[in-house]
Amino acid sequence: MVHVDARRFEERMRGRVVRASSPQGRFDDGAAALDGRTLTRTEAYGKNLFLRFSVPRGASGPRAKPWLLVHLGLIGGWRWYDAAARQTDGRRLRGADGSNRRVLLQAGRGEHAVSVDLRGAITCRLVDDGEADLVLSRLGADPLRADADPDSAYATIQRSQSALGTLLLRQDVVAGAGLIWRCEAPFLAGVAPQRLGRDVSAQEWSALWGHLAGIMAAAVDRGGAEVTTLRADRPPGTRRVRREDAFYLFRRGGERCRVCGTRIRSEPMGGRTVWWCPTCQPG
Ligand SMILES: [Zn+2]
């Protein structure tokens, strides 16, 4: 989750001078423009990470652009390493040779050193304030941001003849809500994902937004581990939450609903699978 990435940058690199390189070579110019600058701010917005760097006096061209904008896409990821070059966070790589590291950022020396690399991202570029604003202007409300405006998302939903489950995946409606959340939040709110946007009441939207914000924030607090089930709805006696117990609906087609026992159904919606409980989400 991008908000988890932002939090790690905030804790580990903000305020520090960063050495930048592009081992893979595809970001050579950008890395050269970032090298030696200080990370001053981190912002997550939907699936976009904005890292702000100091701008050297008199800088021009790429060195005058304050933001590094990264969108991971489906396979991209950051991997963090401690001073001993041991990986501490991020998906493990099998047989990695390092040649696909788009960016390598390092801060500190000796035991205080920390580094992070980026692989597989669909966007990694330097942008100025205007370009950053343009990206933001195309994004809907992000349930994880305190400055989010759920009313603007509802205004779009209320005008739409698309299904709720499709609307929740549109980044210009709700920024950052992925496949898991578009299933689990409507379940918690008791609304079927097939409901057309224009038929969602303000009260239902308010409940949906609250659940989206709640389950996404809980995942950020768990370092990105997605769990929506309450303890009471999981099998007793398991201390760690097992993957198969983490969700009410996600990837549980044909299994029993944890709340009412009805078989969970699934169908394609908006190019991806959606799951729902016909009893808990009657319409
Ligand atoms: Zn149910």
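Computed from a predicted model, the values in this text were never measured in an experiment.

S.K.: Just give me the short version of the overall build of the protein, but keep the residues and values in it.
M.R.: Within the protein one finds seven helices and eleven strands. The principal-axis extent of the C-alpha atoms belonging to the protein is close to 60 × 45 × 30 Å. Restricting to contacts in the protein with at least 6 residues of sequence separation, those with at least 24 account for 61%. If you sum the accessible surface of the protein, you get close to 14,100 Å²; carbon and sulfur atoms cover 47% of it. Taken as two groups, the 45 positive and 31 negative side-chain charges of the protein have centres that lie 4 Å from each other.

S.K.: Describe in detail the coordination of the zinc ion, supporting the description with residues and values.
M.R.: Taken together, Cys-257 (SG), Cys-260 (SG), Cys-277 (SG) and Cys-280 (SG) make up the full set of protein donors to the zinc ion, lying 2.3 to 2.4 Å away. The coordination sphere of the zinc ion comprises four donor atoms, whose angles at the metal cover 99 to 113 degrees; the geometry is tetrahedral. If you list the donors of the zinc ion from N- to C-terminus, the spacing comes out as C-x2-C-x16-C-x2-C.

S.K.: Report on the side chain of Asp-117, specifying residues and quantitative values.
M.R.: Along the chain, Asp-117 falls in strand 8 (residues 114-119). For Asp-117, a relative accessible area of 0% gives the class buried. Among all residues touching Asp-117, those that are not within four sequence positions of it are Gly-77, Trp-78, Arg-79, Tyr-81, Arg-101, Val-103 and Leu-104.

S.K.: Describe the packing of helix 6 (residues 179-189) against helix 7 (residues 202-221), naming the residues involved and giving the relevant values.
M.R.: Relative orientation of the contacting elements helix 6 and helix 7 amounts to 130 degrees, with a least axis distance of 8 Å. Comparing their axes, helix 7 and helix 6 come out oblique. In the packing of helix 6 onto helix 7, the handedness of the crossing is right-handed. Facing Trp-181, Glu-184, Ala-185, Pro-186, Leu-188 and Ala-189 of helix 6, the residues of helix 7 in contact are Ala-207, Leu-208, His-211, Leu-212, Ile-215, Met-216 and Ala-219. Grouping the amino acids of the contact of helix 6 with helix 7 by side-chain chemistry returns eleven nonpolar, one polar and one charged.

S.K.: Got a sec to walk through the side chain of Arg-182? Specific residues and values, please.
M.R.: Looking at the secondary structure, you find Arg-182 in helix 6. We note that Arg-182 is buried and unpaired, the nearest opposite charge coming from Glu-267 at a distance of 8.9 Å. Polar side-chain contacts of Arg-182 include one of 2.8 Å to the backbone oxygen of Gly-165. Leave out the neighbours within four places in its chain, and Arg-182 touches Gly-165, Thr-166, Leu-168, Leu-169, Met-269, Arg-272, Thr-273 and Val-274.

S.K.: Would you mind going over a positive patch on the surface in detail, with residue names and values included?
M.R.: Together, Lys-47, Arg-243, Arg-251 and Arg-272 line one region of the surface with positive charge. What makes Arg-251 exposed here is its relative accessible area of 62%.

S.K.: How would you summarise the pairing of strand 7 (residues 103-107) if you had to cite specific residues and measurements?
M.R.: Of all the five residues making up strand 7, four are buried; the element is thus mostly covered by neighbouring parts of the structure. Bridge count between strand 7 and strand 8: five bridges; the pairing is antiparallel. The partner of Gln-106 across the bridge, within strand 8, is Ser-115. As consecutive antiparallel partners, strand 7 and strand 8 are separated by six residues, and within that stretch Gly-108 has a phi angle of approximately 75 degrees, a positive value.

S.K.: So what about the sheet that holds strand 2 (residues 37-45)? Which residues, and what values?
M.R.: Taking strand neighbours across the sheet as the criterion, the nine strands line up as 6-5-8-7-1-2-3-4-9 in an open arrangement whose pairing is antiparallel. Every other strand in the sheet has two partners, leaving strand 6 (87-89) and strand 9 (123-127) as the edge strands with one partner each. If you compare each strand with its neighbour and ignore which way they point, the axes differ by 30 degrees on average. Pairing geometry for strand 4 (residues 67-71) and strand 9, over five bridges, is antiparallel. Looking at the pairing, Leu-68 lines up with Leu-126 of strand 9. Where helix 1 (residues 2-12) meets the sheet, it contacts strand 2, strand 3 (48-53), strand 5 (77-81), strand 6, strand 7 and strand 8, and its direction lies at approximately 155 degrees from that of strand 2.

About the thresholds
Residues numbered from 1 in each chain as written. Predicted model: local features only at pLDDT ≥ 70, side-chain atom pairs only at ≥ 80, totals over all residues. Heavy atoms only, no water. Helix = DSSP H or I, 4+ residues; strand = E, 2+ residues; numbered from the N terminus. Contact = heavy atoms within 4.5 Å. Areas by Shrake-Rupley, 256 points an atom, 1.4 Å probe, with all protein chains shown as cover. Lys, Arg positive; Asp, Glu negative; His and termini not counted. Charge placed at Lys NZ, Arg CZ, Asp CG, Glu CD. Donors = N, O, S within 2.8 Å, 3.2 Å for Na, K, Ca; no water. Tetrahedral: all angles 85-135°; square planar, octahedral: opposite > 155°, others 65-115°. Buried < 20%, exposed > 50% of the residue type's maximum accessible area, 1.4 Å probe, protein only. Axes fitted to C-alpha atoms, helices over the stretch in contact; angles between N-to-C directions. Parallel < 35°, antiparallel > 145°, perpendicular 65-115°, else oblique. Left-handed = near helix turned anticlockwise from the far one by under 90°. Nonpolar A, V, L, I, M, F, W, Y, C, P; charged D, E, K, R; others polar. Salt bridge = Lys/Arg side-chain N within 4 Å of Asp/Glu carboxyl O. Polar contact = N/O pair within 3.5 Å; in protein donor to acceptor, adjacent residues only side chain to side chain. Patch = residues over 30% accessible without salt bridge, like charges linked within 9 Å, V, L, I, M, F, W, Y side chains within 5 Å. Pairing = 2+ DSSP bridges.

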